[in-house]
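Coordinates in review
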Amino acid sequence: KLPDACELRVFDTEDPSQVRGPYTAAGLRGRQAFWTGAVFAPCVTVECFAPRGIALSEIALTADRITQLYRDPNRLAKEGSCHNDVTCFPAWVASANGVAGIGVYYADDYIFCTGCLMNDLEESTWVDYFMTANHCVANQAEAEETEFYWFFQTASCNGPAPSITAVRQTDGGADYLAGQTRATGNDFSLLRLRNVSPDGATYAGWSTTAPSAAEQLACIHHPDGAYKRISFGTLDDSDADYWYVNFTDGATEAGSSGAPLFNASGEFIGQLWGGLSACESGGGIDLYGRFDV
């Protein structure tokens, strides 16, 4: 229970400049519970500010759950060794700037996926439409607890892995506009961010034209929640809902789900459901929900 004019923040106890919030009654839209944005620190402070004139008896809050995100110290490089650093491909830099990692909080868990901003046909406005897979964000309840991680990529080709604390975030959730499950269609979720994407983020153009068999296709993604990579392949087959892409240079992993598939012109044509591609096998076939349907 947060009265008007009160503010809630969470921040790194050792470095308060890394802060999420302020969260206010207006921003929470009457919700009784929510996940704050992630703070990448071992110790986090929760602060509630009440201005003069607000009775403390009117404020009530409980931190009843904490999600701890970590990397196994025995497996410092979890993602496979075949991935291409997206920064090494200048022609794809603009497209990469619209691709984001997403964190989705559930009642008792958290998952990491990938997605991208989508352009529309209205030239006078910029709306933060965002496409990902339905198995990443399945409904409005899950969209409420989604945050977006931008520019998690190297500063130079094959340069040092970026610090997670340098990643820019958009929290506050999203509106779930449309979607289909794998069982009912092509596993997509179209969202609209509630808070604006950062400066420098780009909006993917798209096409409803089928790719040719010889056309080089590209996927930009966050394998295993790591920094941004790019994989290349060609169309192997298709059905009513999916493109089957055979990757011969790079692969995808868990964490890549929802990542955009681009045609040779850099236009969005589908989002990753999953598949068999892997560094261990030297590539393989993945399924992408067809945007044209």
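Residues numbered from 1 in each chain as written. Predicted model: local features only at pLDDT ≥ 70, side-chain atom pairs only at ≥ 80, totals over all residues. Heavy atoms only, no water.

Below, the discussion takes up the state of the cysteines. Going through the model one piece at a time under the given rule, you end up with three disulfides. Between the sulfur atoms of Cys82 and its disulfide partner Cys279 the distance amounts to 2.1 Å. Judged by the torsion about the S-S bond (-75 degrees), the Cys82/Cys279 disulfide is left-handed. Of the two residues, Cys82 sits in the loop between β3 (44-49) and β4 (84-85) while Cys279 sits in the loop between β16 (268-275) and β17 (284-290), which places them 197 residues apart along the sequence. Linked covalently through their sulfurs, Cys113 and Cys136 form a disulfide whose S-S length is 2.1 Å. (Disulfide = S-S within 2.5 Å. Helix = DSSP H or I, 4+ residues; strand = E, 2+ residues; numbered from the N terminus.)

This part is about the sheet that holds strand β11 (residues 188-193). On the basis of which strands lie adjacent, the open sheet formed by seven strands has the order β9-β8-β5-β6-β7-β11-β10 and antiparallel pairing. Looking at the sheet topology across the chains shown, the edges are occupied by β9 (168-170) and β10 (174-180). This sheet shows a mean twist of 30 degrees between the axes of neighbouring strands, independent of strand direction. Relative to strand β8 (residues 146-150), strand β5 (residues 99-105) is paired through four bridges, and the arrangement is antiparallel. Bridged to Ile102 within β8 is Phe148. (Pairing = 2+ DSSP bridges. Axes fitted to C-alpha atoms, helices over the stretch in contact; angles between N-to-C directions.)

Now for the sheet that holds strand β2 (residues 19-23). Strand pairing in a sheet relies on backbone hydrogen bonds, with the paired strands running either antiparallel or parallel. The strand order across the open sheet built from three strands is β2-β1-β3, with neighbouring strands paired in antiparallel fashion. Whereas interior strands pair on both sides, the edge strands pair on one side only; in this sheet they are β2 and β3. Pairs of neighbouring strands in the sheet enclose a mean axial angle of 10 degrees, with direction left out of account. When strand β1 (residues 7-12) meets β3, the two strands line up antiparallel, connected through six bridges. Paired with Arg9 across the strands is Glu47, a residue of β3.

Moving on: the packing of aromatic side chains. The tally for this structure, following the rule as stated, stands at 13 aromatic pairs. Relative to Tyr149, the ring of Phe40 lies with its centre 6.3 Å away and its plane at 65 degrees, an arrangement referred to as edge-to-face. On the criterion of sequence distance, the pair formed by Phe40 in the loop between α1 (25-28) and β3 and Tyr149 in strand β8 is long-range, its members being 109 residues apart. Geometrically, the ring pair formed by Phe130 and Phe148 is edge-to-face, given 4.9 Å between the ring centres and 70 degrees between the ring planes. On the criterion of sequence distance, the pair formed by Phe130 in strand β7 (residues 129-132) and Phe148 in strand β8 is long-range, its members being 18 residues apart. Classification of Phe148 by relative accessible area gives buried; the value is 0%. Clustering of aromatic rings is evident, with ring pairs tying together Trp35, Tyr105 and Tyr110. (Phe/Tyr/Trp six-rings, centres within 6.5 Å; stacked < 30°, edge-to-face > 60°. Buried < 20%, exposed > 50% of the residue type's maximum accessible area, 1.4 Å probe, protein only.)

Our next topic: unusual backbone geometry. Across the junction of Gly21 and Pro22, the peptide omega takes the value 5 degrees, indicating a cis bond. Within the fold, Pro22 resides in strand β2. Despite not being glycine, Phe151 has its phi angle at roughly 60 degrees, a positive value. Inspection of the secondary structure assignment puts Phe151 in the loop between β8 and β9. Phe151 gets classed as partly exposed once you look at its relative accessible area, which sits at 23%. Within the chain, Asn158 stands out as a residue other than glycine whose phi angle is a positive 55 degrees. Looking at the secondary structure, you find Asn158 in the loop between β8 and β9.

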